[in-house]
Amino acid sequence: MSAFLTYLLNGLAVGCTIALIASGLVTIHRVTGVVNFAQGTFAVVAGLCTSSLLGLGFPHGVSEVAAVLAAALAGLLTGLAAIGRPGTTPLSSLIVTLGVGVLAYAVEIVLWGDQPRSAPGLAGSVEILGARIQTQYLLVIGVTAVTFVLLALFFGRTYLGKALTACASNPYAARVVGIDVRKMGLLAFALGGLLGGIAGVLVTPLRPISFDTDVTLIVNGFAAAVFGALTRPVIALAGALLLGVAETMAAGYGYGSHQLEVALGLMIVVMIVQASRRTTLSQESV
Amino acid sequence: MLEVTGVSRSFGGVYAVREVSLNVADGEVCGVIGPNGAGKSTLFNLITGHLTVDHGQISFLGRRVDRLPPHRRARLGMSIVFQAARVFHGMTVRENVMVGAHGRTDAGFVSAALRLPRHRHDEREIGEAADRALERVGLAEWADRPADRLPIGQQRALQLARALCARPRLLLLDEPASGLRGEERERLATLVEELRADGLTILLIEHDVAFVTRLVDRVVVLDLGQVIADGPPAEVRADPLVLAAYLGQAS
Amino acid sequence: GSGDGGGGGSGGQDPIKVGLIVSLTGNYTPLGSEDKKAVELAVEQVNAQGGLLGRKVELVTRDDKTAPDQGIVAYNQIKGEIDALIGPVFSNSALAIEPLAERDKMPYLSLAPAQEQVEPIKKHIFVTPALSSMYAERFLQYIQAEGIKTIAVGWDSKSAYSVSGHEAMVELAPKYGVTIAVDEPYETTTSDFSPMFTHVRESQAEALVFWGSGAPGVTAAKQYVASGLKTPLFLTASQASKLWLEPMGAAAEGMTVQSAIGVVGEHLPDGKQKQVIEQMAKPYAEKHGYPPPQFAQDGYSASLLLFEAIRKANSTDKAKIQQALETMDLITPNGRFQYSATDHSGLSPEYISVNTVKDGKFVPTEWAKEQLAKTVSALG
Amino acid sequence: MIRLAAGLLAAAVTLALPAVLDDSALAVYILLGLAAIVTVGVSLLMGYAGQVSLGQGAFYAIGAYTAALLALGGVPPVAGLIAAPVVAALSALVIGTPLLRLRGHHLAFATLAMQLILLSLAGQLEFTGGDIGLQAIPQFSIGSFQAESAAAYAYLTWGGLALVLLVTHNVSTSRPGRALRALATSETAAASSGIPVGRYKLVVFALSAAFAGLAGGIYCFYAGYVAPGSFPVLISIQYIVMAVVGGLGTLWGAVVGATAITLLVQGLDSLATLPWMPSYAPSVLSYAVYALVLIVVVLFLPQGLLPTLTDRLSRKRPRERRAR
Amino acid sequence: MIDVQDLVVSYGTATALEHLTLTAAKGEMVALLGPNGAGKSTLANTLAGLLRPASGSVRIGGRLALIPEGRQLFPDLSVADNLVLGGWRSGRRDPALVYDLLPRLAELAGRRAGVLSGGEQQMVAFGRALMSEPDALVVDELSLGLAPNVTADLAAHLAELNRSHGLTVLLIEQNARLAFDLCSRAYVLESGRLVTEGPCDELADDPRVASAYLGGAIT
Ligand SMILES: Nc1ncnc2c1ncn2[C@@H]1O[C@H](COP(=O)(O)OP(=O)(O)OP(=O)(O)O)[C@@H](O)[C@H]1O
Ligand SMILES: Nc1ncnc2c1ncn2[C@@H]1O[C@H](COP(=O)(O)OP(=O)(O)OP(=O)(O)O)[C@@H](O)[C@H]1O
Ligand SMILES: [Mg+2]
Ligand SMILES: [Mg+2]
C-alpha cells in the first residue's frame, strides 16, 4: 500500500513537472495558434541561469526570480521572431520556434558550455502516510497547483483572458472588435516564457540541465498539452498527471524498461477514445 | 424517393430536430422554411449523414441509409450545398468542381499512379462535366482562378456547380440565394427550374419566402425542431402558426 | 594556385594526418567535446617534441552530429587524406563507420565502449575505453572483497553501455558468490527513481549497483539521497567526473564510484603509470580549468596508442600501423594496453579503481589502493 | 516547353553527377536523395492531404530494418528492397487505422509517440539487435551485379527518387490527388462529394510510409548498418522542415528543400571543423547559422523556396502564363 | 461620419477599389449595393482599419463597428463571451441590452458560438457590434440568413438607433428593397468603381438598378 502511494505521489510530482511545460505550450497556442517548439528552451534558459546565478553567490529566491524573468524575456524574443512579422502562418511560426530552439543551443553553449548543470533545491524528503517524497517534489506540486488554478481563472474568468483566447479562436474577428492581436500574441509568448522559466527553475534541482534537455522536456510537455487540445490548461494538467503516474506505476510494477511505451501508448489510446466521440462536423464548424 | 420517419437529434439534451417525418417524391421540389435555429440545417445534415440520428429512420431510393457514412449516401445520389461556403483551398475553380464528380468514377491510387488508359478517359470526362456545371451556374470564366480567392457569392455558386457535377438524384440546397442580389437570384431561380425540369428532386432551405414560394411544389415549416406545417406554399403562407413563428409582420 | 605543393617548411615532408570523428553537436556533445580537447592536447605535445618520424602531426576533425549516417558522411569526407582514424564516442556512429574503415584497411581507434566492436574481432578496429564488462567484473571483485552477498542492480535499458554491463554482471555474479535480488531496468528519460528505491528497500540487497550515464546518474543519485535509503549506492565510471560531482555537491559524500585509473592518479604510488597520467592531467587542467574527465582520458590514450604504433611501424603505411597496433604494449592514462591478434580491447579490469567520494573528490577505497598499487608496481 | 527542358536538364545532371563526384560528395548526394524521397512523402501527406506526421522517421526505420533483417537472413537484397516499402506501407495501414481518427496536433503527437515507441522497442528487442543495432548487412546486389561503389548507390537512390516523384505527380494531378486536397480543407465537404475520407487518409499515409520505407531500404544497404540511433525523432522533424522550406504541396519543393537543407548542414559542418576554427565553431555554425538561415527563409519566403522562385520567374513572363 | 476620398485598395497586384469617394454624414443611413466581387467587403474592411489603403484617405468620426461578412464569431467562445468581447473598445461588459433586443441570444448565452445555426450566428454578430456602442456602423449583409421577422426587427432597431443616437450606418445589402426602405441614399459599386449614387427613391426608378437589384423574386 505504501509502495503504491509512493509511486502515486512521485508520479504526480513527475506529472506536475510535465504540466508546467505544457502550461506554456497551452498558453501560447491558445492565444496565437502556434505550437511553440521552443518551450523547452525557456526552461533550459531558466535552469542554466539559476545555476549560474547561484554559482555567482546570489541568494536563493533572487536567482530563481531573475532566471524566470530571463525566460520570460526569451519568450518575448521568440514571440517577436515567430509572430512579429504580419502574414506569418502558424505553420511557419512553428518552424520559426524550432529555429529559435536551435539558435538557443548556440547561445547556450557559448554562454554556459556544453556540459550539464544543476542547482541545489529543497533538500531531503518527507513521509506522507508511509510514502516518501522529495521535498522539492512537494514544492513542484504546490507551484503547479497554484499555476494552474491561476491559469484556469485567468483564461476562464478574466476579461483579458477571454480576449487572449479570442485571438486564436478567430484572429480576424479579434481585429474586428479592436483587439491588437499581435500585442496579445507577444504577451502570450512572454507569459509562456515565464511559465517555461518556472518549470526550468523547479526542474533543475531534480535533474541536470544541458542545452539539449529541451527535447526531452518538450516531448512530454507536448503530449500533455495536446491531450488538452493545446487550449485547455486543466485537461492538459490531467494529461500530464496521467503521463507521470503511468510512468512511475509502470516502473513500480515491473515494466521499468517500458515506461515510455506504457505512458505514451496510454495517451494515444485515451486520445483516440476522446476523438471517436466527436463528430467531424463539430470539429469543422466555423 | 426520400422518406424521413420520426427522426430526432439532440445536442446536449436540447433537441435540434424532434420526431420529424417527411416524404419527398421523385421529381418534387420541396421548400423547408422556419425560424433561425429551427433545425433546418440539422435536418439536412441528418439526411446527408454528416450528423447521425438519435432516433428514427431515413430511406433513400427505397433503401435505409441512416447508418451509412456521408460518402456512401453521396454515391447513392445525394448532393448538398452547405449553408456556409466550403470551398477547397489551393485548387482552381475547375478542380473544385471536378471533385464533385468523385463519386461517379472510381479510378483509385493505383490507376492514377500508373496512368492507366481508363484513368485518362475518366479525367477527360470529369473535366468536361465540370466545365458544363460551371457554365450552368455562370462561373465558366472563373474556371482557372484559385477558388479560395473568389468573392463569397461566387463561392456559393461554385458549391452548386460541384454538387451538380456529381449528377445527383436528390439535391439539398441550404440557403442558396443568400448573399445574391436580385439579378443573380433570378438566375438561380431559373437554374432550379431547369433542374426540376430535368427531373431532379430538390430540397431547398431559404428565408426568402417569395423565392421559395415561386419555386416549390410544397413547403415544410420547422419550428423548434418540429414540423408545424406542410403543404402547398399558398396554404402554408396563410397558416397562422407560421405567421406567428416565422413570417411576422414582414410578409 | 597558392603553391602549397612545394613543401619547404620545417620537416620538408607532408604532415601525418590523423582523422578525428566525434560528436560535436547533438546528444553526445558533452563527451565528444572532451575527446576533442584531449586529442588536440596530445597532438600539440607530440608536435612540440618534434612530431612523429620527423613529420608534424595534423588533426582532421569532423562532427558526426551524434548520428550514424553523419558519421558515414564524415568518414567518406576524410578517408582519402588521413593515415589513421580516432573514431566516435557514440557507439552507433562508431559501428556505422566500422565496415567502411575495415574495407579501406584504415587503422581505427574507437572511443566507444561497445562490446560489439571487438566481438568478433575486426582486423583494423581497436577499442580504447574499458568495456562495460570489465567494470562489471571489477565491481564484483570489490563486492566479494567487502563480503557482500546480495545486491540490487539498476540499469538503463536504452543504453548499450549499461545493457552490456548489466548482462556481464548477471553472468559473472555466481562466479563471485553474489546473488542479484533486485534487477531493475529503467530508461534514459526516466525522471523518477522512487520505484527502484522502493523495490530495493523491500529487498535483502546489501548494495545497489547503478548502471547509467549522463542525466540519470545525477538524477538517481540525488533522489537516492532524498529517499533516505540506507543500502549503499555503487556507481560506475560514467559518474567519475565533475559532470556528476558538481551537480551532486555535498550529497555525493561517501558514495562509491568506479573510475579508470587515470582519475585517481594522485593517489597512486610513483612510477610509470602515475607519470603518464600526470603528463596529460596537468596540462589539461591548466588549459581548461578542471581535471580531465574519463572521456578526455580515452581520447588521450587513443592518441598515445596511435602515435606509438606509427613510431613502431616507422611509416604511415596502413598495414604496418595495423601490425604495430596488434603487438602494442603501452602504458596510457587508461592503463596498460596489450593489444593482440585476439584482443583488440587491450585493457583489463585491474586498471579500474573503486573510489569513495571524500570532500568532493574521488579517493580510492583501501581495497582499491592495495589492488592498484600491485598493478602499478608491476609496471615499474 | 520550358518545363520539359528543365526536366530533361535535371535528369541529365542527376545522371551525370555520380560519375564525376568523389566518394565524400557522393555520400552527401546519396543521403540527400534519400531525404528527398522521404520528404516527397511528407509533402504529399502534409501539403496535399493536410495530415501532419511527426513520425515519418519510423517508417524510414521500418524499411531499413525490414531490408536489413531479410538480407541478414539470406534473402536476396532485391527482395529485401522491395519488401521495405511494402512492409512500411502495411505497418502504416495497421498503425494508421486507429491513429488517423486523430486530427491536427493530436495526429502529430500520436505519430511522434509512435516513432518513440517503435524505436524504444527496436532498442530493446533481441532480433533487432537492441541499442547496438544490426551490423554487417550485405551489399546490395541484383543477380551477379554487386553494388559496391558509392556511385551505384547514388543511381539506386536517385532512381528511387524519380519513381517516387513520378508516382506523386501522377497521383496528385488526378482524381485521388484532388480528393486529398479537398479533404485537407474540409472533410465534411469532401465526404459529401463521395470521397471516402477515412480510406483516403489511410492510403495516402501508407503511400508516404512506403516512400520512407523505400528510402530506408536503400539506406540500410548503403550504410551496411542500422541502429535506433540512425532514426532519431529529430530526423522526422527535419523532413517537415525540408518540406516547408522547399514549398509544401509542390512536387519539386520537397527535392529543393531536401537539397537546400542537406547542403547547408554539410557546408556548415565542413566550415566549422576547419582546423583554424575556434572550438565553439561547430555549435555556433551548425546551430546558429543553420537556425538563422531557417528562420529567415521561413519568414521571408513563407511559400517556400520553389514557389517563390517560380513566382519570380513567371512574373517576368506574365504573358506566356496567361496564354495557357 | 464616414468620409472616404479617392480610395485605392489592392490585394497584391490586383486592385479591388479604384479611386472611390463616398461619404455618410453623421446620423445618415447609406446603402451600398453591388454585384459579387464589386469590392464592398473590401471597402468595409478598409473602413474598419483591417486593410491598409494604397492611396486615398479614410476618415471616421468617432467609433466604428463592423458586422463583417461571414459573421466571423469566436467559435470557441460562448455566445455571452462573444458579445462581451464586442465591448472591448467601449468598455461595456453587460450584454443585457443585446438580450433585450434578441431574446433568442439570452437562451443561447452559454452555448459555443461555433455550433450555432447560421441565423443565430448572424444575430450574435449584430449584437457584438452593438456592444461596442458605435458612432458609425458598417453592416456587411444584414439580412444574410435571417428569418424575415428577425430581419424586420433588426432593421427597425437600426432605424431606432439612428434616430435616437444619431448612429451613422453604411449598409451593404443584397436585398435592395430592404436597403432602400431603410436608407436615404445609396451607392452602387461595380468592379471597384462607383457607377451611380443618389437618393434611394431615385435609384429605385433607375431601370439598370431595378433590373439588377430589384428584379427576380417578387414579394
Ligand atoms: N453541434 C451542435 N451542438 C449544439 N447545438 C447545436 C449543434 N448544431 C446545431 N445546434 C443547435 O441546433 C439548433 C438548430 O440548428 P440548425 O442549424 O439546424 O438551424 P437552422 O434551422 O438551420 O437555422 P438557420 O436558419 O439560422 O440556419 C440551433 O439552436 C443550434 O444552435
Ligand atoms: N484576400 C484576397 N486576396 C486577393 N483578392 C481578393 C481577396 N479578397 C477579395 N479579393 C478580390 O477582391 C475583389 C473584391 O472582393 P470583395 O470581397 O470586396 O467583393 P464583395 O463586393 O464584397 O462581394 P460579395 O458580394 O460576394 O461579398 C474580388 O475580385 C475578389 O476576388
Ligand atoms: Mg441553417
Ligand atoms: Mg462581400
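Residues numbered from 1 in each chain as written. Chains lettered and ligands numbered in written order. Predicted model: local features only at pLDDT ≥ 70, side-chain atom pairs only at ≥ 80, totals over all residues. Heavy atoms only, no water.

An unreviewed UniProt entry annotates chain D as Branched-chain amino acid ABC transporter permease of Nonomuraea salmonea. We quote the UniProt Subcellular location (unreviewed entry) comment for chain D here in full: "Cell membrane". (UniProt positions renumbered as here; feature names shortened; annotations may be inferred.)

Going by what an unreviewed UniProt entry lists, chain B is known as ABC transporter ATP-binding protein and is assigned to Nonomuraea salmonea.

Caption draft 1: Quick peek at the interface of chain C and chain D. Tallying the contact residues gives 33 residues for chain C and 31 residues for chain D. At the junction of chain C with chain D, the criterion picks out one salt bridge. Between D:Asp269 and C:Lys65 there is a salt bridge, with the nearest N and O atoms lying 3.9 Å from each other. On inspection of chain C and its partner chain D, the count reaches eight residue pairs in polar contact (both at pLDDT 80 or more). Elements represented by at least two residues in the side of chain C that touches chain D include exactly helix 1 (29–48), strand 2 (57–63), helix 2 (68–78) and helix 3 (91–104) of chain C. Looking at side-chain class alone, the side of chain C that touches chain D contains ten nonpolar, eleven polar and twelve charged residues. (Contact = heavy atoms within 4.5 Å. Salt bridge = Lys/Arg side-chain N within 4 Å of Asp/Glu carboxyl O. Polar contact = N/O pair within 3.5 Å; in protein donor to acceptor, adjacent residues only side chain to side chain. Helix = DSSP H or I, 4+ residues; strand = E, 2+ residues; numbered from the N terminus. Nonpolar A, V, L, I, M, F, W, Y, C, P; charged D, E, K, R; others polar.)

Caption draft 2: Structural detail: the site of ligand 2. In the neighbourhood of ligand 2, 16 residues make up the surrounding shell, with E:Gly37, E:Lys40, E:Ser41, E:Thr42 and E:Glu69 lying closest. Residue neighbours of ligand 2 fall on chains B and E, so the site bridges chains. E:Glu69 places a polar side-chain atom, nitrogen or oxygen, 2.5 Å from an oxygen atom of ligand 2. Computed on the free molecule, ligand 2 has an accessible area of 640 Å², of which 79% lies beneath the protein chains in the complex. Of all elements in the fold, only helix 6 (152–165) of chain B together with helix 1 (40–47) of chain E reach the threshold of two or more residues within the shell around ligand 2. Top contributing element to the shell around ligand 2 by residue count: helix 1 of chain E, with three residues. (Near = heavy atom within 4 Å. Areas by Shrake-Rupley, 256 points an atom, 1.4 Å probe, with all protein chains shown as cover.)

Caption draft 3: Layout of the arrangement of the chains. Once contacts are tallied for each of the seven pairs of chains in contact, the highest total is for chains A and D. Nothing in chain B touches chain C, and the closest approach of their C-alpha atoms is 31 Å. No part of chain C reaches chain E; the closest C-alpha pair between them is 36 Å apart.

Caption draft 4: Just the coordination of the magnesium ion (ligand 4), in detail. Residues and elements named next belong to chain E. Taken together, the protein ligands of the magnesium ion (ligand 4) are Ser41 (OG) and Glu69 (OE), with distances of 1.8 to 2.2 Å. Residue Ser41 is found in helix 1, and its partner Glu69 is found in the loop between strand 5 (64–67) and helix 2 (79–86); the two are separated by 28 residues along the sequence. Judged by relative accessible area, Ser41 falls into the buried class, the value being 16%. (Donors = N, O, S within 2.8 Å, 3.2 Å for Na, K, Ca; no water. Buried < 20%, exposed > 50% of the residue type's maximum accessible area, 1.4 Å probe, protein only.)

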